[in-house]
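This is what each chain is made of:
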Amino acid sequence: MPDLKKFLLVISVLILAALACEESGDPTQTSNSGKAPRGETPDSRVAVPKGSRLLELDANPAQNDDYDQVMERARELGAESIRLSVFWDDIETAPGVFDPDPNWLAIANSYSPAQGFQVSLVIAVLDTTEIRLPADLEGKPFDDPQVISRFQGLLEYVAAESPDLELASLAIGNEIDGVLGGDVGQWTAYTRFFEAAADHANRLWPDVPVGSKVMFSGLSGKTAPHARELNAHADVVMTTYYPLAGDFTVNNPAVVREDFDRMAALYPEKEIHITEIGFPTSEVNDSSPELQAEFIREMFAAWDDHADQITLLSYSWLSDLPDSSVQELETYYGLSNRAFGEFLRTLGLRTYPGTGEDKPGYRTFQAQAAARGW
């Protein structure tokens, strides 16, 4: 899913305001005591200590939140990393000219380290339904030498703009199977492109795992052989996971453990990052806030089952979306459907209007994370 530009614009203004002020106290201090909040306890299953696992959050604000409040809530939930997506065609505005407006990389480089958060960076060259090549490269296959060379130049620019970011991961492409579909030729060309891009990224960030995000259905369904060929060149397998039926109604949360088992079995030799995961609360999706809380309990239990292999989990998202943002996303995806819109709108752990209110899943998430040491 694409990041929400309107949210990011608000965030950038708040970040710049925060940087202009001198705050007292340690900005990285967390309110998480390591114990479940009063009135909430983990279920009877024994929690596995977090170990080297990384808990991440797509942290977006409610209507009247400022970004400092958002960061504090992310800490309260145990998150140690946040997500940032940028798009190739937004950055390289002319051949060899890098002039993003706004420059999210520079903003994040100034703010995130001071807040004590790592960043999972997504460079969207493919983005679910869209190809994000610069205009002069449109129509060229991804394994064209010019496309590869230009992207390597983009990577060098990204590294120069973000020297202080502690990257948790680097994704080259977001839900690439949404664009590539079952086209063998396109998968082959993109895999060649990814191999060259990942090699270059490994030289620039030798300690950062590099991969390409594929939907769970693409990882496990008809395109699984193509995904496996690509992932042979990846440091980690990256997948997005939303347990939905084809009509955007939710599956029983109990399916999560089975699906995590399947992920692990598909790639027994590989580390896995679940780069997006979430569960809506709308009754239109046959869901509820209570069912989201049940999903979160199942999610942490399923993660415990594969604690040594699934090393990062990134939850979508902190707060529900306003209707205007849902409409923007529906336009971006080219899909206008009430159940799809409600899925997008109600993924948050908190409601959107006003200052937002915690759903039951918020406290459940906090309790489950705290039980494992986050």
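The structure presented is a predicted model; accordingly, all values stated were derived computationally and were not measured. Residue indices follow the written sequence of each chain, beginning from 1 at its first position. Note on the predicted model: pLDDT of at least 70 is required for a residue's local features to be given, and 80 or more for side-chain atom pairs to be given and counted; whole-chain, interface and lining totals, by contrast, use all residues. Side-chain measures here rest on the full set of heavy atoms in the structure, leaving out hydrogens and waters.

Draft legend 1. Here's a closer look at the overall build of the chain. By definition, any uninterrupted DSSP run of H or I lasting at least four residues is a helix, any uninterrupted run of E lasting at least two residues is a strand, and each is numbered from the N terminus. Along its length, the chain carries 14 helices and 12 strands. Residue burial in the chain is summarised as follows: out of 374 residues, 57% are buried. Roughly 15,100 Å² of accessible area belongs to the chain as shown, and the carbon and sulfur atoms make up 49% of that amount. For the exposure calls, accessible area comes from a 1.4 Å probe over protein chains only, and a residue counts as buried if that area is under 20% of its type's maximum, exposed if over 50%, partly exposed in between. Here, Shrake-Rupley sampling with a 1.4 Å probe gives the accessible areas, and only protein chains in the shown set may cover a residue.

Draft legend 2. Focus on the packing of helix α12 (residues 323-333) against helix α13 (residues 338-345). Axis angles are defined between N-to-C directions and span 0 to 180 degrees, where every axis is a line fitted to C-alpha atoms and, for a helix, only to the segment in contact. Remark: α12 packs on α13, axes separated minimally by 10 Å, with the N-to-C direction vectors making an angle of 125°. Considered as vectors, α12 and α13 are oriented oblique to each other. The handedness of the crossing between α12 and α13 is right-handed. Along its contact with α12, which presents Asp323, Val326, Leu329, Glu330 and Tyr333, the element α13 presents Phe340, Gly341, Leu344 and Arg345. Any angle that is under 35 degrees is reported as roughly parallel, and any over 145 degrees as roughly antiparallel; angles of 65 to 115 degrees are reported as roughly perpendicular and all others as oblique. The crossing is said to be left-handed when, going from far helix to near helix, the turn is anticlockwise and less than a right angle, and right-handed when the turn is clockwise. Contact between two residues is taken to exist if any of their heavy atoms lie within 4.5 Å; hydrogens are not considered.

Draft legend 3. The pattern of salt bridges, seen in detail. For this document, the term salt bridge refers to a Lys or Arg side-chain nitrogen within 4 Å of an Asp or Glu carboxyl oxygen. Per the counting criterion, the structure on display carries 20 salt bridges. The partner of Arg132 in a salt bridge is Asp90, and the shortest N-O contact between them spans 3.6 Å. Placement of the pair is Arg132 in the loop between β6 (130-131) and α5 (145-161) and Asp90 in helix α3 (residues 88-91), with a sequence separation of 42 residues. Assessed through its relative accessible area of 8%, Arg132 is described here as buried. Using a relative accessible area of 32% as the deciding quantity, one classes Asp90 as partly exposed. The salt bridge partner of Asp136 is Arg150, with a shortest N-O separation of 2.8 Å. Here Arg150 lies in helix α5 and Asp136 lies in the loop between β6 and α5, a separation of 14 residues in the sequence. A residue is classified by how much of its surface remains accessible, and Asp136, at 36% relative accessible area, is partly exposed.

Draft legend 4. Region of interest: the packing of aromatic side chains. Side-chain rings of Phe, Tyr and Trp, where Trp is taken by its six-membered ring, are said to pair if the distance between their centres is within 6.5 Å; with planes under 30 degrees apart they count as stacked, over 60 as edge-to-face, and otherwise as tilted. Tallying each qualifying case throughout the model produces 21 aromatic pairs. Aromatic side chains Tyr67 and Tyr111 sit 5.9 Å apart centroid to centroid with 40° between the ring planes, which places their arrangement in the tilted category. Of this pair, Tyr67 sits in helix α2 (residues 67-76) while Tyr111 sits in helix α4 (residues 104-115), and the two are 44 residues apart along the sequence. Across the pair, exposure class does not vary: Tyr67 and Tyr111 are buried alike. Note on Tyr241 and Phe260: the rings are 5.9 Å apart at their centroids and 80° apart in plane angle, and the pair reads as edge-to-face. Of this pair, Tyr241 sits in strand β10 (residues 237-241) while Phe260 sits in helix α10 (residues 255-266); the two residues are 19 residues apart in sequence, bridging distant segments of the chain. Comparing Tyr241 with Phe260 shows no difference in burial state: the two are buried. Within the aromatic cluster, the residues linked to one another by ring pairs are Tyr242, Phe248, Tyr332, Tyr333, Phe340 and Phe343. Two thresholds decide whether a charge sits over a ring: the Lys NZ or Arg CZ must be within 6 Å of the ring centre and within 35 degrees of the ring normal. One Lys or Arg, Arg53, reaches over the ring of Trp303 and ends 4.7 Å from the middle of that ring. The ring of Tyr267 has Arg228 sitting right over it, with the charged end atom 4.4 Å from the ring centre.

Draft legend 5. Highlighting the nonpolar core. If you look at the biggest cluster of nonpolar residues, it comprises 85 residues, and the most contacted ones within it are Tyr190 and Phe260. The leading source of residues in this core is α5, at eight residues. In contact with Tyr190, other than residues within four places in its own chain, are Val125, Leu126, Phe142, Ile172, Gly173, Ile176, Leu180, Ser212 and Leu230. In this structure, Tyr242, Ala339, Phe340 and Phe343 belong to the second largest nonpolar core, which totals 12 residues. Think of a nonpolar core as a cluster: buried Ala, Val, Leu, Ile, Met, Phe, Trp, Tyr and Cys residues, connected wherever their side-chain atoms sit within 4.5 Å.

Draft legend 6. Representation of α5 in the model. To estimate the expected span of a helix, subtract one from its residue number and multiply by 1.5 Å. For α5, with 17 residues, the first-to-last C-alpha span of 25 Å sits near the 24 Å given by 1.5 Å per residue. Of the residues making up α5, those classed as buried are Val147, Ile148, Arg150, Phe151, Gln152, Leu154, Leu155, Tyr157, Val158 and Ala159. The N-cap residue of α5 is Asp144: its side-chain oxygen and the backbone nitrogen of Gln146 are 2.7 Å apart. Here a polar contact is taken to be a pair of N or O atoms separated by no more than 3.5 Å, where protein atoms must pair a possible hydrogen donor with a possible acceptor and residues adjacent in sequence count only if both atoms sit in side chains.

Draft legend 7. Region of the structure containing α4. Relative to the 16 Å expected for 12 residues at 1.5 Å per residue, α4 spans 16 Å between its end C-alpha atoms, a close match to the ideal helical length. Among the residues making up α4, those that are buried are Trp104, Leu105, Ile107, Ala108, Asn109, Tyr111, Ser112 and Gln115. At the exit of α4 stands Gly116, carrying a positive phi of roughly 85°.

Draft legend 8. Fine view of unusual backbone geometry. In the segment running from Asp101 into Pro102, the intervening peptide bond is cis, with an omega of 0°. Topologically, Pro102 is positioned in the loop between β4 (97-98) and α4. That bond from Ser316 to Trp317 is cis: its omega, -15°, falls within 30 degrees of zero. Here Trp317 shows up in the loop between β12 (310-316) and α12. Non-glycine residue Glu175 carries a positive phi angle of around 50°. Structurally, Glu175 can be placed in the loop between β7 (167-174) and α6 (177-180). In this structure, Phe248 takes a positive phi of about 70° despite not being glycine.

Interpretation note: all reported values are geometric properties and have no functional meaning in isolation.
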